[in-house]
Amino acid sequence: MNDTHYTTIAELGALYRKRTISPVEVTRAQLARIEKLDGALHAFVTLTPERALADARAAEELLKRGDDRPLLGVPVGHKDIYMTRGIRTTGGSALYADWVPDVESTVVSRLADAGTVMLGKLITHEFAFGLQFPGHKFQPARNPWNVAHIPGGSSSGSGAALASGMVHGATGSDTGGSIRGPAAFCGITGFKPTYGRCSRAGVLTLSWTLDHTGPMARTAEDCAYLLQGMAGHDAKDPASSARPVDDYVGALVGNVRGLRIGVPRNYFFDGIDPEIATAFEDALATLKTLGAEVRDLTIPAFDLARSFFLIMVSEAFAYHEKDLRTKPELYGDVLRERLLTGALVTASEYVQAQRVRMQTCAEVAEAMKTVDVLATPTTIAPATPFKVAYDPELAFPRSNMGPFNLTGQPTLALPCGFSKSGLPLGFQLSGRAFEETTVLRLGHAYQKATDWHTRRPPV
Amino acid sequence: MTMDELRARIAAAGVTIPENRLSMVRKLLGDALAPLRTVDSRTIKTLEPAVTFEAAGPHVGVKS
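S.K.: Help me understand the overall build of chain A in this model?
M.R.: When helices and strands are counted, chain A shows 14 helices and eleven strands. Relative to its length of 459 residues, chain A is compact, with a C-alpha radius of gyration of 20 Å against a globular reference of 23 Å. Seen through its principal axes, chain A has C-alpha atoms that stretch 60 × 60 × 45 Å. The proportion of buried residues among the 459 residues of chain A is 59%. Of all intrachain contacts in chain A linking residues separated by at least 6 positions in sequence, the fraction that spans at least 24 positions is 78%.

Okay, structure coming up:
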């Protein structure tokens, strides 16, 4: 059997239907790869080989009967804040270290129904917020491009597992960049859909008004396939949209000629690493050669985006307050104090932060009347070394991703280069609410014209 | 934000934050509050409407 660790979802499906390989063979190969690599990368917190092989056998039977659903037999991992019935869900925390839910998150259930093969649960920053510091119950995932660097967070295991070819798709969640940060740091592709597009039912909460769920993969095309299986209304999530689900895969075809791309030149470039700035401008140049129009913009409210943290931490404290007051020792060092910061935000400050958010939404909506997509660097620096990330004084660095959690816009993060030290660099494309198809089509066109997403780490 | 202001907030909230984390918490809070202090609280957008009647759920006061 040829090496299929890095095949795309579409390629995998074609191989299955030609009977070149079978889901069971691919699943065994993936489990062997995990066995070989995960001792150094720590992407998985729980492996489910028996479940994986059972899923693969079921997919194999369905394929024999002519079932042509695109996610059939595709090996995936789930971020460990997605509840899985009968399989422990730790949230990356000692607090839930042995918790086995009796319910399943809607997204996990939908992806299972679509025929995916569940390989296991992927480590997350603790409660999708705090990197595991030394001495923690759980090991943090490491970046396959350089294990001395973090893979980004909080969907850290998802990023590391995809970059190292251990899974073909993964789930992530994104409250302030937790899908897009790992995408940027690991050289993979992550998609935060519109707020309300994918259900959060059965996913541990960080911040209700900012939490998004979404797919992580190696290409925009694979994200489209996964999103197709994940998206849709769910009455169990109060924020879930009843809008019909678009044809994300079908929308990938077609050119991007005439698409208007706006580049907000304020906020996103403050303190940016020159290598990322250059890679970003190169990406814009590529998009221009594909026929897109690129213009600069200024959206003043983005300069107020750091107030995003007040919303996130206030809501996170509201969620965790009881456990923080009664079992503080079970929270990771540093994360505990980060969460407690939410207790120090006054009601007035929380309200003002939400008002600033409304201002941001209004200004962005106005800008989106003149452009179809916003393009920005995903991060202002490549993956952070662990020795820097372990400094509590790093606090919560200024983020290029949080602004799009405030606005709820669909935002795709994808690779656009490498630093001289060999670390991936990325940029993000944000569309109008519920215009996932536009963003995915543009990202797919960019990836057809470039090869950054095909580079593999030295694992 | 001064350390005294931070300590006052901690006391008011009734939580305990160890001394070696006060600097981190002050930075977290100070960085996030800074932009709010540049805006005029009387003129930025309000959170209205607080109630809408377009959601799929039951509508308050409207007979189905």
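Moving on from the model shown.
S.K.: What is the right way to read the overall build of chain B from this model?
M.R.: Helix and strand content of chain B: two helices and zero strands. Evaluated residue by residue, chain B yields a buried proportion of 16% over its 64 residues.

S.K.: Looking at this model, I keep getting lost on the pairing of strand S8 (residues 293-297) of chain A. Mind explaining?
M.R.: Residue and element names in this part refer to chain A. Here strand S7 (residues 260-264) runs beside S8; their pairing, made up of five bridges, is parallel. Residue pairing across strands places Gly-262 opposite Arg-295, the latter belonging to S8. Once the chain exits S7 it traverses helix H8 (residues 274-289) before rejoining the sheet at S8, and the crossover so formed is right-handed.

S.K.: Which parts of the structure should I look at to understand the nonpolar core?
M.R.: Inside soluble globular proteins, nonpolar side chains tend to come together where they are buried. Residue and element names in this part refer to chain A. Ranked by internal contacts, the top residues of the largest apolar core, which has 133 residues, are Ala-43, Leu-162, Cys-223 and Leu-412. No other element matches helix H9 (residues 308-326), which puts nine residues into this core. Leu-412 has contacts with Phe-191, Ala-220, Cys-223, Gln-428, Leu-429, Val-439, Leu-440 and Gly-443, leaving out every residue within four places of it along the chain.

S.K.: When you look at the interface of chain B and chain A in this model, what are you seeing that I'm missing?
M.R.: Accessible area lost when the parts come together is the quantity often used to give the size of an interface. Contacts between the two partners involve 25 residues from chain B and, on the opposite side, 26 residues from chain A. Looking at the side of chain B that touches chain A, the elements that each hand over two or more residues are helix H1 (3-13) and helix H2 (19-36) of chain B. Looking at which element gives the most residues to the side of chain B that touches chain A, the answer is H2 of chain B, with 13 residues. Residues belonging to the side of chain B that touches chain A are distributed by class as follows: 17 nonpolar, three polar and five charged.

S.K.: Any chance you could explain the environment of Val-256 of chain A here in plain terms?
M.R.: Residue and element names in this part refer to chain A. Note on placement: Val-256 falls in the loop between helix H7 (220-230) and S7. For Val-256, a count of 21 C-beta atoms within 10 Å gives the class buried. Put simply, Val-256 and Ala-445 are 189 residues apart on the chain and 7.3 Å apart in space, counted from C-alpha to C-alpha. Those residues within four positions of Val-256 in sequence are excluded, and the remaining contacts are Leu-290, Gly-291, Ala-292, Arg-441, Leu-442 and Ala-445.

S.K.: Sorry if this is basic, but what is going on with helix H14 (residues 436-449) of chain A here?
M.R.: All names here are of chain A. Here H14 contains 14 residues, and its C-alpha end-to-end distance of 20 Å stays within 8% of the 20 Å for a straight helix at 1.5 Å per residue. Of all 14 residues that make up H14, ten are buried, and the element is covered over most of its length. Within H14, burial applies to Glu-436, Thr-438, Val-439, Leu-440, Arg-441, Leu-442, Gly-443, His-444, Ala-445 and Tyr-446. Buried residues belonging to H14 abut H7, H8, strand S9 (373-377), strand S10 (411-418) and strand S11 (424-431).

S.K.: What is the right way to look at the sheet that holds strand S2 (residues 75-79) of chain A in this model?
M.R.: Through backbone hydrogen bonds, the strands of a sheet pair up, either in parallel or in antiparallel fashion. Residues and elements named next belong to chain A. With mixed pairing, the eleven strands of this open sheet are ordered in space as S1-S3-S2-S4-S6-S5-S10-S11-S9-S7-S8. In this open sheet, the two edge strands, each paired with only one partner strand, are strand S1 (44-47) and S8. If you compare each strand with its neighbour and ignore which way they point, the axes differ by 30° on average. Alignment of S9 against S11, held across five bridges, turns out to be antiparallel. When the bridges of S11 are listed, Ala-375 appears paired with Leu-429.

S.K.: Even after reading the chapter, I still don't get the pairing of S2 of chain A, so can you show me in this structure?
M.R.: Walk down a regular strand and you will see the side chains alternate between the two sheet faces. Residues and elements named next belong to chain A. Most of S2 is tucked away: five of the five residues are buried. With five bridges connecting them, S2 and strand S3 (residues 117-122) associate as parallel partners. Bridging across to S3, His-78 finds its partner in Lys-121. Running through helix H4 (residues 106-113), the crossover from S2 to the neighbouring parallel element S3 is right-handed. Bridge analysis of S2 against strand S4 (residues 169-174) gives two bridges, and the strand direction is parallel. Bridge pairing in S4 places Gly-77 opposite Ala-170.

S.K.: Is there a simple way to think about unusual backbone geometry in this case?
M.R.: Glycine aside, negative phi is the norm for most residues, and most peptide bonds take the trans geometry. All names here are of chain A. Between Gly-153 and the following residue, Ser-154, the backbone shows a cis peptide bond with an omega angle of 15°. As for its position among the elements, Ser-154 is in the loop between S3 and helix H5 (156-163). Here Ala-128, not a glycine, exhibits a phi torsion of approximately 60°, which is positive. Following the sequence through the fold, Ala-128 ends up in the loop between S3 and H5. Of the residues examined, Ala-128 has 29 C-beta atoms within 10 Å and is grouped as buried. We note that Val-334 has phi near 80°; this positive angle belongs to a residue other than glycine. On the secondary structure map, Val-334 appears in the loop between H9 and helix H10 (335-340). Here Val-334 falls in the buried class, since 21 other C-beta atoms lie within 10 Å of it.

Reading the values: the criteria
- Residues numbered from 1 in each chain as written.
- Chains lettered and ligands numbered in written order.
- Predicted model: local features only at pLDDT ≥ 70, side-chain atom pairs only at ≥ 80, totals over all residues.
- Helix = DSSP H or I, 4+ residues; strand = E, 2+ residues; numbered from the N terminus.
- Rg over C-alpha atoms; globule rule 2.2 N^0.38 Å.
- Buried ≥ 20, exposed ≤ 12 C-beta atoms within 10 Å, placed from the backbone.
- Contact = placed C-beta atoms within 7 Å.
- Pairing = 2+ DSSP bridges.
- Right-handed = clockwise from strand over helix to strand, strands pointing away.
- Core = buried A, V, L, I, M, F, W, Y, C linked by C-beta atoms within 7 Å.
- Nonpolar A, V, L, I, M, F, W, Y, C, P; charged D, E, K, R; others polar.
- Expected span 1.5 Å × (residues − 1).
- Axes fitted to C-alpha atoms, helices over the stretch in contact; angles between N-to-C directions.

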